[in-house]
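# Chain and residue survey
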Amino acid sequence: MNTMEQNILNKGQEVNKLPENYTVIDIETTGLSPTMNEIIQLSALKIKNDKIVDSFTSFVKPNGRISSFISSLTGITNDMVSAAPQIKDVLNDYVDFIGQDIIVGHNVHFDINFIHSKRIKYFNKGLSNNYVDTCKMSRKICPISSHKLDSVARYYNVDSTGHHRADNDCKMTFEIYNCMKKDLLYK
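Before going into details, it helps to say that this report is about the structure given with it.

Take the pattern of salt bridges next. As enumerated under the stated definition, the model contains five salt bridges in all. A salt bridge links Asp101 to Lys48; the shortest N-O distance between them is 3.7 Å. Here Asp101, found in the loop between α4 (87–98) and β4 (103–105), pairs with Lys48, found in strand β2 (residues 39–48); they are 53 residues apart in sequence, far enough to count as distant. Between Arg154 and Asp150 there is a salt bridge, with its nearest N and O atoms 3.8 Å apart. In this pair, Arg154 and Asp150 are both assigned in helix α7 (residues 149–155), four residues apart and thus about one turn of the helix distant. Classification of Arg154 by relative accessible area gives exposed; the value is 53%. The exposure class of Asp150 is buried, given its relative accessible area of 18%.

With respect to the helices, strands and loops of the structure, Ser117 is situated in helix α5 (residues 108–123). Leaving out residues up to four positions away in the same chain, Ser117 has contacts with Pro34 and Thr35.

Turning next to the pairing of strand β1 (residues 22–29). Most of β1 sits inside the fold, with eight of its eight residues counted as buried. Every second residue of β1 is oriented toward a common face, with Tyr22, Val24, Asp26 and Glu28 on one face and Thr23, Ile25, Ile27 and Thr29 on the other, all of them buried. Across eight bridges, β1 lies against β2 in antiparallel orientation. Directly across from Thr23, in β2, lies its bridge partner Lys46. As paired strands, β1 and β4 are joined by two bridges and run parallel to one another. For Val24, the partnering residue across the bridge sits in β4 and is Val104.

Now for unusual backbone geometry. A positive phi angle, near 50 degrees, is found at Asn49, a position not held by glycine. One can find Asn49 in the loop between β2 and β3 (51–59). Of note in this structure, Asn157 is not a glycine but carries a positive phi near 55 degrees. By the secondary structure assignment, Asn157 is in the loop between α7 and α8 (166–185). Overall, Asn157 belongs to the exposed group, its relative accessible area being 72%.

Where a strand is regular, its side chains alternate between the two sheet faces. By the bridge criterion, eight bridges tie β2 to β3 in an arrangement that is antiparallel. Bridging from a neighbouring strand, Ser43 pairs with Thr57 of β3.

Each value, and the rule that gives it
- Residues numbered from 1 in each chain as written.
- Predicted model: local features only at pLDDT ≥ 70, side-chain atom pairs only at ≥ 80, totals over all residues.
- Heavy atoms only, no water.
- Salt bridge = Lys/Arg side-chain N within 4 Å of Asp/Glu carboxyl O.
- Helix = DSSP H or I, 4+ residues; strand = E, 2+ residues; numbered from the N terminus.
- Buried < 20%, exposed > 50% of the residue type's maximum accessible area, 1.4 Å probe, protein only.
- Contact = heavy atoms within 4.5 Å.
- Pairing = 2+ DSSP bridges.

Right under this line is the structure:
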């Protein structure tokens, strides 16, 4: 097996514990395909002892234009990213911020797959952090029909203002994760 094949297979694994120290991540993209679409925002919150201690956020200038659909969904316009760094210039800073932490995210496979794919493309190394998926957790403990981030936020009375902006979605995910941990610990 060559190095590229090993890196593709070397993604982290889902953990079945509730860490107190972790990094919440979220990204915004130009579409759903890690190979065909681009990242336009990277955000993360560093959590120690269940408290936010640091944050990272950056717009990313894509090679192509952001569609009107994506701009309408995220509020991110072509003007907003025109002076932003390209993904190859900011991705390693983002991954360095995450470090070896467990990643927490909502539907986190989406984010991990994009980050992993772009790191393989530009640096021939992936993303191997273990992770917790709050979407998967919500399916097990929240008696609601939709498990999208804003739906789970409504269930827990978490403010969803600014949904579909990575920095706001990180904050929502952090709050939802804390609510779900309490539900699991006190049931």
